[in-house]
Amino acid sequence: MKIALLNGSPKGRGSASEILLEGLRPYLPADALLPKVHLPLRPQEDFRLSCLADCQALVFAFPLYVDSLPSHVIRALESLTELFREIAEKPTVYAVVNCGFYEGQQAHIALQVMENWCSQTGFLWGRGLGIGGGGVLSATGESPVGQFPKREIGKALAVMGQSVSALESGKTLFVNCDLPRFVYRQAAEAQWKKRAQNNGVSPRDLGKRR
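An account of the accompanying structure is given in this report. None of these values were measured; they are calculated from a predicted model.

**Regarding the nonpolar core**
Counting residues in hydrophobic clusters, the biggest one holds 29 residues, and the most contacted among them are Leu52, Leu58, Phe60, Leu80, Val93 and Met114. Put simply, the parts of the chain that give this core at least two residues each are strand S1 (3-7), strand S3 (57-63), helix H2 (71-83), strand S4 (92-98) and helix H3 (108-121). At 5 residues, the largest contribution of residues to this core is made by H3. Setting aside its immediate chain neighbours within four residues, Met114 contacts Phe60, Phe62, Leu69, Leu77, Val93, Ala95 and Trp125.

Structure follows, in structure tokens:
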């Protein structure tokens, strides 16, 4: 069995999408081939997707961009449509979407886009997972998925892993990080202010009208 783990984050190492794929890996069959592919950012690199032609499952992980997919992920879907056009048995597709919003439900539109792509191209739709409070993933990279503040995320990945392993479909899952909303918001605001100051912008400047 060959299951591709497709990282759709434009960031390098340590992205939330990479952390989620690594968190999913223990719940996949030990004897499965698990190639990990970072979706190309440049069109001329799309040829790298050709290694996916014999996969039974494609697992996408990417951040939410304006309630939808990053542009290079959309282009990758177009390339995959062409790659599998003449292949009768299409793989089953799964998607894990993380967002900076506290509510995982915010990812529902992006997951519907993935499901619609499958229905239009003949790919099989497995299930989706929307994760809220995604900021904690990279901010607490030293804490394994499945431990606070990522216990609930770990539980959802376990369910997703079971579906992928069996090539089964299921209801879309939505989950948040373990932190209370007000704690997550305070931490996020502190991080924004720190980044602003590192770039020569004061907290007061952030509230100015242009």
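**Structural notes on the packing of helix H1 (residues 16-24) against helix H5 (residues 151-166)**
As a packed pair, H1 and H5 sit with axes 9 Å apart at the nearest point and diverge in direction by 60°. Regarding the angle of H1 to H5, the classification is oblique. For H1 against H5, the interelement crossing comes out right-handed. Facing H1, whose interface residues are Leu20, Gly23 and Leu24, H5 presents Ile153, Leu157, Met160 and Gly161. When its residues are assigned to classes, the contact of H1 with H5 shows 5 nonpolar, 2 polar and no charged.

**Quick notes on the pattern of salt bridges**
Side-chain pairs of opposite charge can arise where the charged atoms are in close proximity. Counted by the stated rule, this structure contains 10 salt bridges. Two residues, Arg181 and Glu103, come together in a salt bridge whose shortest N-O distance is 2.4 Å. Separated by 78 residues along the polypeptide, Arg181 in helix H6 (residues 181-198) and Glu103 in the loop between S4 and H3 bring together distant segments of the chain. Between Asp178 and Arg151 there is a salt bridge, with its nearest N and O atoms 4.0 Å apart. Residue Asp178 is located in the loop between strand S6 (173-175) and H6, and its partner Arg151 is located in helix H5; the two are separated by 27 residues in the primary sequence. Salt bridges linked by common partners bring Glu18, Glu22, Arg25 and Lys36 together as one network.

**Points about H2**
Along its 13 residues, H2 runs 19 Å from first to last C-alpha, staying within 8% of the 18 Å computed at 1.5 Å per residue. Those residues of H2 that sit buried are His72, Val73, Arg75, Ala76, Leu77, Leu80 and Thr81. Next to the buried residues of H2 lie S3 and H3.

Rules used throughout
- The residue numbers shown here count from 1 along each chain, following its written sequence.
- It should be noted that, the model being predicted, local features are given only for residues of pLDDT at least 70 and side-chain atom pairs only at 80 or more, the latter also being counted only at that level, while totals for whole chains, interfaces and linings use all residues.
- Water and hydrogen atoms were dropped before computing side-chain values, which therefore reflect all heavy atoms in the structure.
- Side-chain atoms within 4.5 Å link the members of a nonpolar core, which is a set of buried Ala, Val, Leu, Ile, Met, Phe, Trp, Tyr and Cys residues.
- The rule is simple: take the accessible area with a 1.4 Å probe, protein chains only, and divide by the maximum for that residue type; under 20% is buried, over 50% is exposed, in between is partly exposed.
- For the purposes of this entry, the term helix denotes a DSSP run of H or I that reaches at least four residues, the term strand denotes a run of E that reaches at least two, and both are numbered from the N terminus.
- Whether two residues touch is decided by their heavy atoms; if any such pair falls within 4.5 Å, the residues are in contact.
- The angle between two axes is taken between their N-to-C directions and runs from 0 to 180 degrees, where each axis is a line fitted to C-alpha atoms and a helix contributes only its stretch in contact.
- Oblique is the label for any angle not under 35 degrees, not over 145, and not in the 65 to 115 range, which are roughly parallel, roughly antiparallel and roughly perpendicular in turn.
- Definitions for this section: a left-handed crossing has its near helix turned counterclockwise from the far helix by less than a right angle. A right-handed crossing has that turn clockwise.
- Only Asp, Glu, Lys and Arg are considered charged, only Ala, Val, Leu, Ile, Met, Phe, Trp, Tyr, Cys and Pro nonpolar, and every remaining residue, Gly among them, polar.
- Salt bridges are defined as contacts in which a side-chain nitrogen from Lys or Arg sits within 4 Å of a carboxyl oxygen from Asp or Glu.
- Expected span of a helix, by definition, is 1.5 Å for each gap between consecutive residues, and there is one gap fewer than residues.

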